[in-house]
Each structure stands twice: as structure tokens, then as C-alpha cells.
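# Notes for the structure review
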Amino acid sequence: MPSVGNSVARKDGIGKATGAARYADDLVFPGMLHGRTVRSTIARGRVRSIRLDFDTTGFTIVDYRDVPATNAADLIEKDQPFLVEEEVRHMAEPIVLLAHEDREKLLAANVVIEYDEEEPLFDAEKSDTVFKEIDILKGDVASALAGADVIVEGTYRTGHQEHVYIEPNAVIAVPEENGGVAIYGSVQCPFYVIKALRCLLGSAHPNVRVIQTETGGGFGGKEEYPSMIAGHAVMLTLKSGRPVKLIYDRVEDMIATTKRHPSIVRHRTGVMRDGRIVAMDIDVLMDGGAYVTLSPVVLSRGCIHAAGPYRCDNVRIFGRTVLTNTPPNGAFRGFGAPQTEFAVEVHMERIAEALGMDPVELRRRNALQPGDTTATGQIMREDCSALMVLDEAVRRTDFTRKREEFRGTNRAIGLSLFYHGAGFTGSGELHLKSKARLDVTRTGVRIAVGSTEIGQGTRTMHAQIVSDALGVPYELVEVMQPDTSLVADSGPTVASRTCMVVGKILEECALEMKEKLAGTSPAEYYAHYGEMSVERMYTPPDWIKWDDSTYRGDAYATFGWGCDVVELELDRDTFEARPIKLTAVQEFGRPIHPALARGQIEGGTAQGLGYALLERVVMRDGAMANAQLTNYTIATTLDMPELDVVMMENPYPGGPFGAKGLGELPMDGPAPAVVNALRHLGLDVREIPATPELIAACA
């Protein structure tokens, strides 16, 4: 029986079910100290003095003067210091590090910091510090708007969102006999951490490796921020000469680490009476927080998806991300697309209303089809499935009949049509030069890649691909725990690329190894000839052409497609909107492991419903005021409606066994579908989360 396409047993299933899997906080090393981060208590200003108001005996104390080389996290820019030197840009910014073997003494240590405070800036619209601007231009927008029958304008807002992974951030730094340091941590991207540490440590400390421990979720929140924590743990270890464990509790994790970028998106759209969209003028503003982090690429993906899955010959998308004095915002599942696709899908509903047209028909007339071009000029290929998912979702939910049936009641129905690019944007995969390796072992084969298992099923899915491509039983494929000194750098575990890109390299490794084995099994080969490895590098399709300076060309090798339909009820007394049923029709090539793929869709849908209705980050004086799970509410099983998941197939020839990326796609659809259902009730909601207070204000 082939492995691909079947829901085989997870590689990590038994370990997690029995408790044998070891997370960072489970690990203990001889002589280990506990670490603590002392943070700023103002949003903007300068450090005037630091006083250690405790008995420092037995403590390891680190400040910026202990930085070995460069006091900056090496991301897109090197603007974010590991430790404040003088300038404070946001609340909870790291200033001093402490370590002690006794956690009670560590937590009791009082560090008094005096500041010269300055006026903070919290309003992104008033910021004049721009991290990144993007201007996408197609056709002649001004002329097309002038010739349109109807122009519809609207402004749409989204708030912060917290990742709420199960396991908070955690890192342990351990000195090694060769003079180096091993980092054990709950991380998404081990090689990102290595890059950051090389910048921090310089050439004096070349022997650093990162080992991913079992990781309880990431959602992008463990993409860049673990580099900061790893840097702190390393500096404490270098100064103390002992292992140092740095574990955030939930409150510290929520207050200090990155969140989804808040956004304000403005649309001005020209349409003809027959429903054809002839011009789209879109302005995207994202709040980057205090440092650049990954904001430019979040903005990039947001802008590329801002026109939605629709054809239009005249498009301008102008985007910018700016500085404010809140903790930096960063990577989050969807990477900017959930914000901009929320805006365009709610706007589509208002366009339909302005034309007196059925919203499904409006989408049908404008949905991308093979041969059409996107805002960047990319020509859609045969794996374009916008109409496929739209028609199936409408048919399966009996959308048109219910829309009439529910009218005038407290029940409503709404939908959203969306897409999501898989892999790095444009030429990103070419520059990344991702590699994967496959080793012959005594019993079978071993996968050696830096891609991480963070709950989504990476180990299992990769093993399935290798099993079928090589022609060996799934049980004989083992997956190495990522250790940067041992595995190939397969690139970061982000951007819906782990299956489509890394899986493709592994498929090619397996096919090459199959030729070299020449009919013998891996174990037989090993017994006769010893070790053998195959390593290959990813080669993007040669038809991808992309210009970073003009944002023109093929943004992604392929897209996943989705249509969500939400049925909900509104309590007219409390204004609480409760989803009753959600139908998620999604096309992502071919599901390698159907149960895991379904889990991705269910999980992403739950996260999307929380984004739509529940998850409100309350910022007070630049810090998250509701940094606990008692007052920052996410969707639980009791909040989930009946879910109907439909997985359609339209294979992508460049993916392993036809697979595309899936990880981020389910996040894009729930919020606009919910708000469009509220619109069906006559409520003009243009902001999320749509809390009862916000809905009441729209009534």
C-alpha cells in the first residue's frame, strides 16, 4: 500500500502520547542555572541608571557590555539590540540578564532602573518612520476609475493577534568540551538562530550549534524571536561557564514577544454595472512596532495578496510598514495575507451590495482562471482553482437558498474566497538554496533536514514522501532531530514550503538514491558497502521570473485556494455572534497525509475564528494589558461550530506527488466569512475582532 495519500501513524505520535517526548523544560544539565530577563517598564526613553538592589553573591549578571561582538539581532536589518544600551523603544525590552541556580532568589532579585522618559508613539497613521514601502502597479488605475460605472470605497482594520502556542518560548545554552556552545530550544528555524548568534558572538566563538527540542507549536512566533532568547542564554553561559535555562512563562511570552501586525487597508474600486472589476486602488498600512524584524516580508506577502483572487487589468497596491513604540510585530501564520484578504473580501461584499448583485455571482465573474494575470502580472496556470472551490462551497452549503431563508432572522450566512502563495516570494527560493540529505542506515534510511516538527506533521509527511519515492516501507524511514551541526540546511519552516519545497528535494534525493541502490535494499547496501548519502539542492521552476525592484512577475510557483462558508447566529440582546457551522473547501494539490491535512485546516480555521471574533489584544501604555489566557480568549472546542472540511485536488507538477503548501491557507478565510455573515444581518462591520461591543456599535 502506498504511504502517500494514506493517514499512516505519526512518527512523533507515540512519544507525545506517552509523555516520552522531551521538551526544553524537561531537560536538565549538571550545574545548570536558571536565567531571567529584566525588561524596560517604559515605552520610550533612555536608561539613566541601573542599580542592583540585592545581594549579588552567586548571581551571573549580564548587560550590553558583555556582548562579545555585535549587539544586534541579524535579521533583515540589524536594528534590534539583544540588550538595551541606552535607548528604549518599547515596553518589556531586555536590559539586564540574571542567572542563579536558585529560582526563588533569581525571581526575588530587584533591579532598579531609572529612565529619562520620552513621548511614545502608538498610532501607526502618525508615524513618519517607514520600515518598508512597496508599490505594485498594473495598468492605468486613474483612467480606469474615471471610466467606471460605480466606485466603492472602504477602510478595514485588523488588530494584533497573539500566537498562543501551547509551549512558551524556551532555550537552554550548554557549554561544550570543544569550547563551543550547544543551544537546545523550542524553535522553528534552527539555522536562523545560528545566523543571529554568529553576529552576536563574532569569530571568537565559532563552535555553536542549535538542536531543536520537541516543540509545542509555533505559528510563526518561534521564527525570529528565539534568536533573541538564544543570544541571552548564550551570554549568560559564556559569563558563568555553566548551562543556563531560559524559560518564559505565559505572561512574559505574551508581553515581550512578537504578534500579528495590526493593519489598516483602504480600497477604492471601480466596477461596471455588469459586475466587472476594472480598477483597484489599495493602500495597506501595517504597524511594525519598535523594530524592523520581518515586517518588510510580512508587508510584501500582504500586498501581493491584497487584490484577492480576482482578475483586474488596472491595479495599484501601495503598502508601508512603520515604527511605533509597541513590542515589535513579526511572523504569524499567513504572513500579512490574513489582514489584506480580510479587507478585500469584506469589500467585495460591499461592492455586490452597491451593484445590487448576488455576492457569489460577483465573485464568479471576477475570479482568477487559468490564463488570467494577478496584480504582479503572474499568469495563472492550470492549477488555478478559484472557481472550483467557490462552486463546490456554494453547492455543498446550499448557500443561495439559505441566504434567502435566513433573511429577517437572527441567523445569517457569509462566504469568503481566498488564495495563498506557497514558498518564498519571487526569487526567494532561488537565493535560499535549500538542501536536503538522505542517509542509508543499518536498517533503512534517515532524513537529515533542518525543517522542524512543531506539531504540523513534518516528520511524518517527509517520511511518507521518501518511502514512496524510494520504494521502502514507511517504517524503515527515520527522521533526524534537527541539529545544525548534523543536518542539511533546508531553509526555515515557514511560508507553506515544508511540504512543497523541502518535500520535493527529499523526493529527488530518494529517486537518486533508488538508482544508486540498483535494486538492493538500503540495509543490504549498508551491510555490503557501508554509509551512503544523497544531498540535493532545491531548484525552482525555470519559468519563474521576478523583479524585486518593480514587484512584477511570478510571485509564487503555485497557490492554494479556499472558500469558507460560515453560518452564525446573533444574540440581539448581548450582540454575541456564535458560528453554527463552517464549511471549509480548500484545494492544495494533493494531501500527503489526509488526517494531518484535515488537522491543519481545522486548526487554522479555529485560529481564524478567534481572529474574527475573540482575540483582542488590549494595549495599555504600549504593553499588552490582557497577557493571560483568562482575559485573552481564544477559540476552544466549546466555541467551535460544526466543521465540514472538503479537500479538493488540482495537483501542482512541481510539488512532491503534486502537493502544494497548506499551512497558512486555512487562516485567510474565516474572518471575512464571519464578517460577511454579519453583513447579511445588516451589520456594517469593517474591523476585527468583531467583539459584542464592536457589533453593538455597528447596529
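One structure accompanies this document, and this report is about it. Since this is a predicted model, take the numbers as computed values, not measurements.

### Regarding the overall build of the chain
- Scanning the chain from N- to C-terminus turns up 18 helices and 28 strands.
- Projected onto the principal axes, the alpha-carbon positions of the chain cover approximately 75 × 75 × 50 Å.
- Evaluated residue by residue, the chain yields a buried proportion of 63% over its 699 residues.
- With an accessible surface of roughly 25600 Å², the chain has 48% of that area assigned to carbon and sulfur atoms.
- Of the charged side chains in the chain, 73 are positive and 97 negative, and the gap between their average positions amounts to 1 Å.

### Concerning the sheet that holds strand 15 (residues 315-323)
- If you walk across this open sheet you meet the 6 strands as 7-15-14-13-8-28, and the pairing is mixed. The open sheet has two free edges, formed respectively by strand 7 (130-138) and strand 28 (687-688), since each of these has just one partner strand.
- Alignment of strand 8 (residues 150-158) against strand 13 (residues 263-271), held across 9 bridges, turns out to be antiparallel. Directly across from Gly 154, in strand 13, lies its bridge partner His 267.
- Across the sheet, helix 8 (residues 337-355) is in contact with strand 8, strand 13, strand 14 (277-289) and strand 28; its angle to strand 8 comes to roughly 145°.

### Let's talk about the nonpolar core
- In this structure, Val 284, Ile 317, Trp 561 and Leu 678 are the most contacted members of the largest nonpolar core, which totals 97 residues.
- The greatest single-element share of this core, amounting to 8 residues, is contributed by helix 8.

### As for the layout of surface pockets
- Quantified by volume, the second largest pocket comes out at close to 930 Å³.
- Looking at the second largest pocket, it is lined by 31 residues, and the ones nearest its centre are Ile 76, Tyr 192, Leu 294, Val 297 and Phe 424.
- The set of elements that each furnish at least two residues to the lining of the second largest pocket consists of helix 4 (190-201), helix 7 (295-304) and helix 12 (428-432).
- Here the element with the most residues in the lining of the second largest pocket is helix 7; it accounts for 4 residues.
- Of the residues in the lining of the second largest pocket, the class split is 16 nonpolar, 7 polar and 8 charged.

### Re the pattern of salt bridges
- A complete count under the given rule lists 57 salt bridges for this structure.
- The closest approach of N and O atoms between Asp 483 and Arg 209, which form a salt bridge, is 2.6 Å. Taken together, the residues Asp 483 in the loop between strand 19 (477-479) and helix 14 (498-517) and Arg 209 in strand 11 (residues 208-212) connect sequence positions 274 residues apart.
- A single salt-bridge network, built from bridges that share partners, covers Arg 10, Asp 12, Lys 16, Glu 214, Glu 453 and Arg 459.

### Describing the packing of aromatic side chains
- All told, the structure shown has 9 aromatic pairs when counted by the stated rule.
- Measuring from centroid to centroid gives 4.9 Å for Tyr 525 and Tyr 529, while their planes differ by 45°, and the two rings are tilted. Of the two residues, Tyr 525 and Tyr 529 both sit in helix 15 (residues 522-529), 4 residues apart, roughly one turn of that helix.
- A relative accessible area of 62% places Tyr 529 in the exposed class.
- Over the aromatic face of Tyr 165 sits the side chain of Lys 222, whose NZ or CZ is 4.5 Å from the ring centroid.

### Describing the packing of helix 8 against helix 9 (residues 359-366)
- Interaxial distance between helix 8 and helix 9 falls to 9 Å at its minimum, and their mutual angle equals 110°. Considered as vectors, helix 8 and helix 9 are oriented roughly perpendicular to each other. Between helix 8 and helix 9, the residues in contact are Glu 345, Met 348, Glu 349, Ile 351, Ala 352 and Leu 355 and Pro 359, Leu 362 and Arg 363, respectively.

### Here's the deal with the sheet that holds strand 19
- Strand order in the open sheet made by the 4 strands is 19-18-17-20, with mixed pairing throughout. Each end of this open sheet is capped by a strand with a single partner; those strands are strand 19 and strand 20 (533-537). Averaged over all pairs of adjacent strands, the angle between strand axes in this sheet comes to 20°, irrespective of strand direction.
- The strands touched by helix 14 are strand 17 (435-440), strand 18 (445-448) and strand 20; relative to strand 17, the strand with the most contacts, the crossing angle is about 35°.

### Here's the deal with the environment of Arg 446
- Checked against the element boundaries, Arg 446 lands in strand 18.
- Exposure remark for Arg 446: the relative accessible area of 24% places this residue in the partly exposed category.
- Along the chain, Arg 446 and Ala 463 lie 17 residues apart, while their C-alpha atoms are 8.8 Å from each other.
- The contacts of Arg 446, once residues within four sequence positions are left out, are Arg 437, Leu 438, Asp 439, Thr 441, Glu 478 and Met 480.

### Observations regarding the pairing of strand 1 (residues 33-39)
- Counting buried positions over the 7 residues of strand 1 gives 6, a clear majority of the element.
- As paired strands, strand 1 and strand 12 (residues 244-247) are joined by 2 bridges and run parallel to one another. Its bridge partner lying in strand 12, Leu 33 is registered against Val 244.
- Pairing between strand 1 and strand 5 (residues 94-100): 6 bridges, direction antiparallel. Within strand 5, the residue paired with His 34 across the bridge is His 100.

### Brief notes about the state of the cysteines
- Using the criterion set out here, one finds 0 disulfides in the structure.
- Cys 499 supplies the cysteine sulfur nearest to Cys 189, a cysteine that is in no disulfide, at a spacing of 17 Å.
- We classify Cys 189 as buried; its relative accessible area is 3%.
- Here Cys 312 stays unpaired: no disulfide links it, and the sulfur of Cys 384, its closest cysteine neighbor, is 16 Å away.

### Observations concerning the packing of helix 8 against helix 17 (residues 670-680)
- Two elements in contact, helix 8 and helix 17, have axes separated by 8 Å at closest approach and are oriented at 30°. Our classification of the angle between helix 8 and helix 17 gives roughly parallel. In this structure, helix 8 crosses over helix 17, and the sense of that crossing is right-handed. Of helix 17, the residues touching helix 8 (which contributes Glu 341, Phe 342, Glu 345, Val 346, Glu 349, Arg 350 and Glu 353) are Ala 671, Pro 672, Val 675, Asn 676 and Arg 679.
- Looking at the contact of helix 8 with helix 17, its residues break down into 5 nonpolar, 1 polar and 6 charged.

### Focus: helix 8
- Here helix 8 is 19 residues long and its end C-alpha atoms lie 27 Å apart, about the 27 Å a rise of 1.5 Å per residue gives.
- Taking burial as the measure, the 19 residues of helix 8 include 17 buried ones, the bulk of the element.
- Backbone geometry just downstream of helix 8 places Gly 356 in the positive-phi region, at approximately 70°.

Cut-offs and rules
- Residues numbered from 1 in each chain as written.
- Predicted model: local features only at pLDDT ≥ 70, side-chain atom pairs only at ≥ 80, totals over all residues.
- Heavy atoms only, no water.
- Helix = DSSP H or I, 4+ residues; strand = E, 2+ residues; numbered from the N terminus.
- Buried < 20%, exposed > 50% of the residue type's maximum accessible area, 1.4 Å probe, protein only.
- Areas by Shrake-Rupley, 256 points an atom, 1.4 Å probe, with all protein chains shown as cover.
- Lys, Arg positive; Asp, Glu negative; His and termini not counted.
- Charge placed at Lys NZ, Arg CZ, Asp CG, Glu CD.
- Pairing = 2+ DSSP bridges.
- Contact = heavy atoms within 4.5 Å.
- Axes fitted to C-alpha atoms, helices over the stretch in contact; angles between N-to-C directions.
- Core = buried A, V, L, I, M, F, W, Y, C linked by side-chain atoms within 4.5 Å.
- 1 Å grid on protein atoms, 1.4 Å probe; cavity = no way out; pocket = protein on both sides within 12 Å on 5 of 7 lines; lining within 4 Å.
- Points joined across faces, edges and corners; volume = space filled by probe spheres on them.
- Nonpolar A, V, L, I, M, F, W, Y, C, P; charged D, E, K, R; others polar.
- Salt bridge = Lys/Arg side-chain N within 4 Å of Asp/Glu carboxyl O.
- Phe/Tyr/Trp six-rings, centres within 6.5 Å; stacked < 30°, edge-to-face > 60°.
- Lys NZ or Arg CZ within 6 Å of the ring centre and 35° of its normal.
- Parallel < 35°, antiparallel > 145°, perpendicular 65-115°, else oblique.
- Disulfide = S-S within 2.5 Å.
- Left-handed = near helix turned anticlockwise from the far one by under 90°.
- Expected span 1.5 Å × (residues − 1).

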